[in-house]
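# A look at the structure
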Amino acid sequence: MPDFLGLNLPVPVLLAPLGGGPGTPALAAAVSRSGGLGTVGSAYFTPEQLLAAAGDTRARTDRPFAMNLFVPALTPTFTPEEERAARAELHAWQAELNVEPVHLQAPYLEDFDAQFQAVLAARPAVLSFTFGQLGAAQLQALRARGIRTLGTATGLREALALEASGVDALILQGGGAGGHRGSWLDDERLGTTDLVRRVRPHVKLPLVAAGGLMTRQDVQAALSAGASLAALGTAFLLADEAGTHPTYRQALEGGGETGLTRAFTGRWARGLVNRAFHEIRHPLPTPAQHALTRPLRQAAAAAGRSELMSLWAGTGVNGARRGLAGSILAQLT
Ligand SMILES: Cc1cc2nc3c(=O)[nH]c(=O)nc-3n(C[C@H](O)[C@H](O)[C@H](O)COP(=O)(O)O)c2cc1C
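Calculation rules
- Residues numbered from 1 in each chain as written.
- Predicted model: local features only at pLDDT ≥ 70, side-chain atom pairs only at ≥ 80, totals over all residues.
- Heavy atoms only, no water.
- UniProt positions renumbered as here; feature names shortened; annotations may be inferred.
- Near = heavy atom within 4 Å.
- Polar contact = N/O pair within 3.5 Å; in protein donor to acceptor, adjacent residues only side chain to side chain.
- 1 Å grid on protein atoms, 1.4 Å probe; cavity = no way out; pocket = protein on both sides within 12 Å on 5 of 7 lines; lining within 4 Å.
- Sits in = over half its atoms within 2 Å of the grid points.
- Nonpolar A, V, L, I, M, F, W, Y, C, P; charged D, E, K, R; others polar.
- Helix = DSSP H or I, 4+ residues; strand = E, 2+ residues; numbered from the N terminus.
- Buried < 20%, exposed > 50% of the residue type's maximum accessible area, 1.4 Å probe, protein only.
- Lys, Arg positive; Asp, Glu negative; His and termini not counted.
- Salt bridge = Lys/Arg side-chain N within 4 Å of Asp/Glu carboxyl O.
- Contact = heavy atoms within 4.5 Å.
- Phe/Tyr/Trp six-rings, centres within 6.5 Å; stacked < 30°, edge-to-face > 60°.
- Lys NZ or Arg CZ within 6 Å of the ring centre and 35° of its normal.
- Core = buried A, V, L, I, M, F, W, Y, C linked by side-chain atoms within 4.5 Å.
- Pairing = 2+ DSSP bridges.

Per an unreviewed UniProt entry, the protein is named Propionate 3-nitronate monooxygenase, and its organism is Deinococcus ficus. According to the UniProt record, the Sequence similarities (unreviewed entry) comment for the protein reads "Belongs to the nitronate monooxygenase family. NMO class I subfamily."

The next point concerns the site of the ligand. In the neighbourhood of the ligand, 21 residues make up the surrounding shell, with P17, N68, G212, G233 and T234 lying closest. Residue N68 places a side-chain N or O atom 2.8 Å away from a nitrogen atom belonging to the ligand. The side chain of T234 places a nitrogen or oxygen atom 2.5 Å from an oxygen atom of the ligand. Of all the cavities here, the one that holds the ligand is the largest pocket. The residue makeup of the shell around the ligand, split by class, is nine nonpolar, twelve polar and no charged.

Moving on, we get to the side chain of R267. As for its placement among the helices and strands, R267 is situated in the loop between β10 (258-261) and β11 (269-272). The buried charged residue R267 lacks any salt bridge partner; its closest oppositely charged side chain belongs to E158, at an N-O distance of 8.2 Å. What R267 contacts, discounting residues up to four positions off in sequence, is A73, F131, H180, R181, S183, T261, R262 and T286.

To continue, consider the packing of aromatic side chains. Scanning the model with the defined rule gives four aromatic pairs in all. Seen from their ring centres, Y44 and F70 are 5.0 Å apart, and the 90° between their planes marks the pair as edge-to-face. Separated by 26 residues along the polypeptide, Y44 in the loop between β2 (38-40) and α2 (47-60) and F70 in strand β3 (residues 65-70) bring together distant segments of the chain. Both rings, one in F70 and one in F131, keep their centres 4.7 Å apart while their planes meet at 40°; by these two values the pair is tilted. Remark: F131 occurs in the loop between β4 (126-130) and α6 (136-144) and F70 occurs in strand β3; sequence separation between them is 61 residues. Classification of F70 by relative accessible area gives buried; the value is 14%. Owing to a relative accessible area of 11%, F131 belongs among the buried residues under this scheme. Feature note: the residues Y44, F70 and F131 constitute an aromatic cluster, connected by ring pairs. Seen from the ring of W268, R189 lies directly overhead, with NZ or CZ sitting 5.5 Å from the centre. The ring of F131 carries the charged tip of R267 above its face, separated from the ring centre by 3.6 Å.

Core analysis: the biggest nonpolar cluster contains 94 residues, and F116, L134, L170, L172, L232 and F236 have the highest contact counts within it. Ranked by residue count, the leading element in this core is helix α12 (residues 288-302), at seven residues. Sequence-distant contacts of L134, that is, excluding residues within four places in its chain, are made with V71, F112, F116, L127, F129, L139 and L142.

Once that is clear, we can look at the side chain of N274. Looking at where N274 falls in the secondary structure, it is placed in the loop between β11 and α11 (275-279). Of the polar contacts made by the side chain of N274, one reaches the backbone oxygen of M309; its length is 2.8 Å. The residues touching N274, leaving out its near neighbours within four places in the chain, are F264, S306, E307, L308, M309 and L311.

Strand direction decides the pairing type here: strand β7 (residues 179-180) and β11, joined by two bridges, are antiparallel. The residue bridging G179 from the neighbouring strand is R270, located in β11.

Next comes the structure, spelled out in structure tokens:
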């Protein structure tokens, strides 16, 4: 097996970045200890949390691990009418969950530059990122600290743009992937092995295949299509070490249909279809909608109301199993 980015990984599996709770240092370290490449789901972290999570992961393993960031989108614009419509759809939920309306204030997410400086200081072996590209100076700063870079592409145009930018490898996110679509140019939403086959002849970089991969056969198919690693997210959401909220775990164990929605954050994302898919029809652009719905989602989780939570999951969700991450990983190769 060719060596992926000099990391000497015995198992060709990446724990996909799982932001918002599931991708804990314990989960990342367990996957890295078991021979794969773990990712700390750090994209929503403050710089202090990011540094602490890197330290926590290092205390659990001396194997390489990855961290993950969201490339910031342009600050979204919307009219007062659009804001009124988006807020109106949440009134009933606010009353049900006893949550105050949110005061919206850009930039809605953590300050990217401060997060980026924290990654440079934390020095994980790998930084993966999604929703766009990093600039030449940023890639240079990472390279100077020995941090390898993984950009996320959902189609050929994004793959070519990322390769031209100088990243070290690509995550190809197929249409069945759980969580947010990483797209910023175009989203082909192909099956994962089809996406690998489509991109493989056009780029030289090592490829990591993500989306709907749950079994040893799925991993093998992605590798046979030309990927160097298979990235799995949903397969680890029920792992003992995952930080998946109990209400979310329960919903995952119940299984069901997944679909794509912009309802929760304003960005397309795949999760278990619930009431929110039907009742939120006028979301603000990302990340304003994320800020608008976040307190509601948190209150819903605390109240055990999964129908009002973002239950991110890929199309393979009905194959997700409980257990230690190391034993989930062992079943994949
Ligand atoms: C709960 C959850 C959270 C996610 N958070 C992130 C994230 O913070 N950053 C990111 O790049 N991708 C994120 N993703 C996408 C995954 O990295 C990956 O593309 C996806 O899990 C692969 O598909 P699968 O879930 O079918 O295995 C998330 C996915 C899920 C299910």
